[in-house]
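Each chain, written out:
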Amino acid sequence: MTTALLAGFGLGLSLIVAIGAQNLFVLRQGIRREYALAVAAVCAVSDAALIALGVSGLGFVLHSAPWLVTAVRWAGFAFLLCYGVLAARRALRGSGEALVVDGATPVATARETAHPRRDGQRDAPSRHECPVSPDAGAAAAVAAPAPAVAVAAPARLLPVLATCLALTWLNPHVYLDTVFLLGSVASTHGADRWWFAAGAATASVAWFFALAFGARYLGRWLATPRAWRILDGVIAVVMIAIAVSLVWPA
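Parameters at a glance
- Residues numbered from 1 in each chain as written.
- Predicted model: local features only at pLDDT ≥ 70, side-chain atom pairs only at ≥ 80, totals over all residues.
- Heavy atoms only, no water.
- Helix = DSSP H or I, 4+ residues; strand = E, 2+ residues; numbered from the N terminus.
- Buried < 20%, exposed > 50% of the residue type's maximum accessible area, 1.4 Å probe, protein only.
- Contact = heavy atoms within 4.5 Å.
- Areas by Shrake-Rupley, 256 points an atom, 1.4 Å probe, with all protein chains shown as cover.
- Axes fitted to C-alpha atoms, helices over the stretch in contact; angles between N-to-C directions.
- Parallel < 35°, antiparallel > 145°, perpendicular 65-115°, else oblique.
- Left-handed = near helix turned anticlockwise from the far one by under 90°.
- Nonpolar A, V, L, I, M, F, W, Y, C, P; charged D, E, K, R; others polar.
- Salt bridge = Lys/Arg side-chain N within 4 Å of Asp/Glu carboxyl O.
- 1 Å grid on protein atoms, 1.4 Å probe; cavity = no way out; pocket = protein on both sides within 12 Å on 5 of 7 lines; lining within 4 Å.
- Points joined across faces, edges and corners; volume = space filled by probe spheres on them.
- Expected span 1.5 Å × (residues − 1).
- Disulfide = S-S within 2.5 Å.

A few words now on the overall build of the protein. Each helix and strand counted, the protein has 11 helices and 0 strands in total. Among the 250 residues that make up the protein, the fraction classed as buried is 34%. Considering only contacts in the protein between residues 6 or more positions apart, those separated by 24 or more positions represent 90%. Accessible surface, the protein as shown: approximately 14,900 Å² in total, 68% of it carbon and sulfur.

Now the structure itself:
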């Protein structure tokens, strides 16, 4: 039992820890701090379901119906290509988005600077505050305020989960690794094959949640629109490369 559990954990982790469409999406949502828990849960549950299907013998069924794998391959190509093109568009044009890191100092907008309190009264200075002369106040009013950085608008939950499901279930590599490979190796463990599946599913849970929450610490380096354009450029290259690899003849 223990041997099968550890073997499943090791093989499952080795197949998951790689730069791919699913991992990049989890990483991006974790950095943006948008539904990271929900995205990690969807990926982990999907992997567990695919592992269970592979161990139960679905791999042999899919092997006897190659047209089904071909259909998934072309559907995955179309989706990944569209996703990559959209990421490339964000990288080239820029969306003006930036990540607001916890503890950041709020920036006053131009409206707040140009329009003081409506009652026309000025807050009384404290005893530790030096009085400001009228000339200095006029000079400060003339000074132009610093432009504020646009903050990324939060996405809705359902589109995020739909994208996550599409990246998972429309990727033929997921079936090749999870259903065929893990299912075949699990069959060699005989009665302990479900312990092997449990180890592989545990590896998926550990990896996706670690990736989603570990990405939060990258926020300090992605607090500018330029950093997000670079990240979107990397995502575009990887997504388009994976899409081409799905249909490129071996």
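This part is about the packing of helix α9 (residues 172-187) against helix α10 (residues 193-214). One can describe the packing of α9 onto α10 by two numbers: an axis separation of 8 Å at closest approach and a directional angle of 140°. In terms of orientation, α9 lies oblique with respect to α10. In the crossing of α9 with α10, the sense of the turn from one axis to the other is right-handed. Between α9 and α10, the residues in contact are Leu182, Val185 and Ala186 and Arg193, Phe196 and Ala200, respectively. In the contact of α9 with α10, the residues fall into 5 nonpolar, no polar and 1 charged.

Here we take up the pattern of salt bridges. Tallying each qualifying case throughout the model produces 3 salt bridges. Residue Asp232 pairs with Arg28 through a salt bridge whose shortest N-O separation is 3.2 Å. A residue pair is termed long-range when its members are at least 10 positions apart, and Asp232 in helix α11 (residues 225-247) and Arg28 in helix α2 (residues 21-32) qualify at 204 residues. Here the two residues Asp232 and Arg28 agree in accessibility, since each one is buried. For the salt bridge of Arg32 with Glu34, the shortest nitrogen-to-oxygen distance reads 3.0 Å. Grouping residues by exposure puts Arg32 and Glu34 together as buried. Sharing partners across several salt bridges, the network here consists of Arg28, Arg90 and Asp232.

As a volume, the largest pocket reaches approximately 380 Å³. Considering the residues around the largest pocket, the lining is formed by 21 residues, among which Leu15, Ile16, Gln22, Val174 and Asp177 are closest to the centre. Counting residues per element, the ones that place at least two in the lining of the largest pocket are α1 (2-16), α2, α3 (36-55), α9 and α10. In terms of residue count, α9 provides more of the lining of the largest pocket than any other element does, 5 residues in total. Residues that form the lining of the largest pocket fall into these classes: 11 nonpolar, 8 polar and 2 charged.

With 13 residues, helix α8 (residues 157-169) should cover 18 Å at 1.5 Å per step; its first-to-last C-alpha distance of 18 Å lies within 8% of that length. Looking only at α8, the buried set comprises Val160, Leu161, Thr163, Cys164, Ala166, Leu167 and Thr168.

Applying the stated criterion across every chain yields a total of 0 disulfides. Unpaired in this structure, Cys164 has its nearest cysteine sulfur neighbour in Cys43, at a distance of 3.3 Å. The exposure class of Cys164 is buried, given its relative accessible area of 1%.

Along the chain, the position of Ala227 falls in helix α11. Between the alpha carbons of Ala227 and Ala91 there is a distance of 9.6 Å; along the sequence they are 136 residues apart.

Another aspect to go through is unusual backbone geometry. Within the chain, Arg33 stands out as a residue other than glycine whose phi angle is a positive 60°. Inspection of the secondary structure puts Arg33 in the loop between α2 and α3. Positive phi values are uncommon outside glycine, yet Tyr35 reaches one of about 55°. Along the chain, the position of Tyr35 falls in the loop between α2 and α3.

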